[in-house]
Amino acid sequence: MVRRRIRVARLGCALAASTFCTVLGPAPAQAATAPRQATVEEQRLDEAVPKEILARSGFADVAPQFTHKLAAARSYGAAERLVEREGTRLWKRAVDRVQGRGPAGGDLSRDDDRPLYWARLGLTRELRLWEPGFDLSETDRSKLMDRLEQTSRGQSTVDYPEGKGFKKILLTGFDPFTLDRDIRISNPSGATALALDGTWIRTADGQLARIETVTFPVRWQDFADGVVEKALTPVLPKVDAFTTVSQGRVGRIDVERFNGAWRGGFPDNDNASSTGQVPVSDPATQPQWTTTSLPYKDIVAANTGRYPVYDHTDVTEIPAGATDPVDRPDGPTPGSAARAGGGGDYLSNEIAYRATLLRDRLGLGIPGGHVHTPVLQFGPGNTDPATGTVTDPRFVRNRLDIVAQMKAIVRVAAQ
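Residues numbered from 1 in each chain as written. Predicted model: local features only at pLDDT ≥ 70, side-chain atom pairs only at ≥ 80, totals over all residues. Heavy atoms only, no water.

Participant: Explain the overall build of the protein to me, please; I cannot follow it from the model alone.
Facilitator: A count of helices and strands for the protein gives 13 helices and 14 strands. Against the 2.2 N^0.38 benchmark of 22 Å for 415 residues, the protein shows a C-alpha radius of gyration of 20 Å, consistent with a compact globule. Taken along its principal axes, the extent of the C-alpha atoms in the protein is 60 × 50 × 40 Å. At a minimum sequence separation of 6, the contacts of the protein that also span at least 24 residues come to 79%. Accessible surface for the protein amounts to roughly 16,100 Å². Of this, 52% is attributable to carbon and sulfur atoms. Taking the average place of the 53 positive charges on the side chains of the protein and the average place of its 51 negative ones, the gap between the two points comes to 3 Å. (Helix = DSSP H or I, 4+ residues; strand = E, 2+ residues; numbered from the N terminus. Rg over C-alpha atoms; globule rule 2.2 N^0.38 Å. Contact = heavy atoms within 4.5 Å. Areas by Shrake-Rupley, 256 points an atom, 1.4 Å probe, with all protein chains shown as cover. Lys, Arg positive; Asp, Glu negative; His and termini not counted. Charge placed at Lys NZ, Arg CZ, Asp CG, Glu CD.)

And the structure:
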């Protein structure tokens, strides 16, 4: 999800993950809907493409079964237990499908991240509109919603085995986005997270490593509310390396060197917008820039796959003493104000900024930073959202190649 005011024409779209230090308060995001209504994001479930994706993956039963179970909940405690169980079950079901365990549930390729995305929205819509037979305050409903998001994104099940002799790696991904442009879209960062969760690899120097993964929403308000920090603060002190991942530019992979403390306002999945300083706790000590600690030279030099990999150092800044933003190909200058990091000014950049800021505030000397995957493209003849199909052989091949290359990059980053 790359978004930049000056360079947007050549950057394409992308995403990312982030930092703790309790968020001060909501950023100035526009409200998407009134209370007790489905959100803009959830309303897209009624379109033909989400229904087809759910049917062709075997996930069409997720929301109806959840609705039936919700109707039987007679207390907040029962609802809380149900949300915990069903959210965790959905994440595990999606991971199992992608990793080849159990039935495919349909003819949609197993590597697809979209069934999880649309099934989760089915659950959140049902919970948002649910009218229980007992008093449920909006505060308690919000707690249930938050827990459903956390459990269905793998955030509550990050679990490294006890013992030594292996490395612990964390990887984050994102939901699909820009759905009003093409509702068929998939996000290879989310597909990578599903493919690698709970897996073991050998690093480039021969060490055994365990990968755990989580995903994040493409919504400004969730980030302002501290979703990244809440998920990563308990985990980062336990890991040996981390990478936040999002979809970026066409035909290339970028290791983003610098991350900026600025939101550019591009609409999110709820069609809400937010522009201004990235909202984190203790803004008096908030830096304008953070830097990757991933071994970017090694990653760029390694033969990880078919897409070229770049050490990306471009930023947009307002130089010290100036008022107008300028592009800098070699990173920020001293005292400048951020207007876009290497990952742009959307949520890709923000998750990278938050995660690396959290690394620094916790005093962790571990490799960590952001990697942008290539844009996942449909095959020739299937580029028109109005007439195209939800999948094609080139689309699947591209996603599989991106996931395989991301796994190879993680192997290098963790050495």
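Participant: Explain the sheet that holds strand β11 (residues 315-318) to me, please; I cannot follow it from the model alone.
Facilitator: To summarise the sheet geometry, strands pair through backbone hydrogen bonds and adopt either a parallel or an antiparallel arrangement. Sheet architecture is open: three strands sit in the order β12-β11-β13, paired in antiparallel fashion. Either end of the sheet is taken by a strand with one partner, and the two such strands are β12 (326-328) and β13 (337-340). Put simply, the sheet's adjacent strands are angled 45° from each other on average, direction ignored. Strand direction decides the pairing type here: β11 and β13, joined by three bridges, are antiparallel. By the bridge assignment, Thr-316 is partnered in β13 with Ala-340. (Pairing = 2+ DSSP bridges. Axes fitted to C-alpha atoms, helices over the stretch in contact; angles between N-to-C directions.)

Participant: Help me understand helix α7 (residues 138-152) in this model?
Facilitator: Helical geometry: 3.6 residues make up each α-helical turn, so side chains three or four residues apart lie on a common side. In this model α7 runs 21 Å from its N-terminal to its C-terminal C-alpha over 15 residues, within 8% of the 21 Å that 1.5 Å per residue would give. Taken together, the buried positions of α7 are occupied by Arg-141, Leu-144, Met-145, Leu-148, Glu-149, Thr-151 and Ser-152. Among the structural elements, α5 (76-98) and α6 (114-129) are those in contact with the buried residues of α7. Positive phi shows up at Gly-154, right after α7, with a value of about 80°. (Expected span 1.5 Å × (residues − 1). Buried < 20%, exposed > 50% of the residue type's maximum accessible area, 1.4 Å probe, protein only.)

Participant: Whenever I open this one, the environment of Thr-292 confuses me. Can you help?
Facilitator: Mapped onto the secondary structure, Thr-292 falls in the loop between β9 (289-291) and α11 (296-301). Between the alpha carbons of Thr-292 and Ser-281 there is a distance of 21 Å; along the sequence they are 11 residues apart. Beyond its immediate stretch of four places on either side in the chain, Thr-292 contacts Glu-256, Arg-257, Asn-259, Arg-359, Gly-368, Gly-369 and His-370. Only 3.4 Å separates the side chain of Thr-292 from the backbone oxygen of Gly-368, close enough to count as a polar contact. (Polar contact = N/O pair within 3.5 Å; in protein donor to acceptor, adjacent residues only side chain to side chain.)

Participant: Explain the packing of helix α3 (residues 48-55) against α6 to me, please; I cannot follow it from the model alone.
Facilitator: Helix-helix packing is described using two parameters, namely the angle between the two axes and the distance between the axes. Interhelical geometry of α3 versus α6 gives an angle of 115° and a closest axis separation of 9 Å. On the basis of their axis angle, the class for α3 and α6 is roughly perpendicular. As for the relative orientation of α3 and α6, their crossing is left-handed in sense. Here Pro-50, Ile-53 and Leu-54 of α3 lie close against α6, whose contacting residues are Arg-114, Pro-115, Trp-118 and Ala-119. Here the contact of α3 with α6 is built from residues that sort into six nonpolar, no polar and one charged. (Parallel < 35°, antiparallel > 145°, perpendicular 65-115°, else oblique. Left-handed = near helix turned anticlockwise from the far one by under 90°. Nonpolar A, V, L, I, M, F, W, Y, C, P; charged D, E, K, R; others polar.)

Participant: Whenever I open this one, the side chain of Thr-373 confuses me. Can you help?
Facilitator: As for its placement among the helices and strands, Thr-373 is situated in strand β14 (residues 368-373). Leave out the neighbours within four places in its chain, and Thr-373 touches Pro-188, Val-245, Ser-246, Gln-247, Gly-248, Arg-249, Arg-252, Ile-253, Ile-402 and Met-406.

Participant: Got a minute to help me understand unusual backbone geometry in this structure?
Facilitator: For residues that are not glycine, phi is negative in most cases, and the peptide bond is trans in most cases. Phi is positive for Thr-178, close to 50°, though the residue is something other than glycine. The class for Thr-178 is buried, based on a relative accessible area of 15%. The phi dihedral of Asp-282 falls on the positive side, at around 50°, and the residue is not glycine. Mapped onto the elements, Asp-282 comes out in the loop between β8 (275-277) and β9. Since its relative accessible area comes to 40%, Asp-282 is described here as partly exposed.

Participant: Would you take a moment to explain the confidence of the model for the protein for this structure?
Facilitator: The predicted coordinates of low-pLDDT regions are not to be read in fine detail. Per-residue confidence for the protein gives a mean pLDDT of 92, with 92% of residues at or over 70. Below pLDDT 50 for its whole length, residues 4-34 participates in 154 contacts with residues either more than four positions away or in separate chains. (pLDDT = per-residue confidence, 0-100.)

Participant: Help me understand the side chain of Arg-114, please; the structure alone is not making it clear to me.
Facilitator: For Arg-114, the location among the structural elements is in helix α6. For Arg-114, a relative accessible area of 0% translates into the label buried. Arg-114 has contacts with Ile-53, Leu-108, Pro-176, Arg-184, Ile-185, Ser-186, Val-390, Thr-391, Phe-395 and Arg-399, leaving out every residue within four places of it along the chain.

Participant: Mind showing me how you'd approach the packing of helix α8 (residues 188-196) against helix α13 (residues 393-413) here?
Facilitator: Look at α8 against α13: their axes get within 9 Å of each other, and the N-to-C directions meet at 60°. The orientation of α8 relative to α13 falls into the category oblique. You can see that α8 and α13 cross each other, and the crossing is right-handed. Contact residues: Pro-188, Ala-191, Thr-192, Ala-195 and Leu-196 in α8; Arg-399, Ile-402, Val-403, Met-406 and Lys-407 in α13. Residue composition of the contact of α8 with α13, by class: seven nonpolar, one polar and two charged.

Participant: Where do I start with the packing of aromatic side chains in this structure?
Facilitator: Given two aromatic rings, their pairing is described by the distance between the two centres and the angle made by the two planes. In the structure shown here, the tally under the stated rule is nine aromatic pairs. Considering the side-chain rings of Phe-174 and Phe-223, the 6.1 Å spacing of their centres and the 10° angle between planes classify their relative orientation as stacked. In this pair, Phe-174 is assigned in strand β1 (residues 167-174) and Phe-223 in helix α9 (residues 220-224), connecting sequence segments 49 residues apart. Each member of the pair, Phe-174 together with Phe-223, is buried. Ring plane angle 50° and centroid distance 6.2 Å describe the contact between Phe-177 and Tyr-346, whose orientation is recorded as tilted. Linking Phe-177 in the loop between β1 and α8 with Tyr-346 in the loop between β13 and α12 (347-361), this pair joins segments that are 169 residues apart in sequence. Overall, the relative accessible area of 0% leaves Phe-177 in the buried class. (Phe/Tyr/Trp six-rings, centres within 6.5 Å; stacked < 30°, edge-to-face > 60°.)

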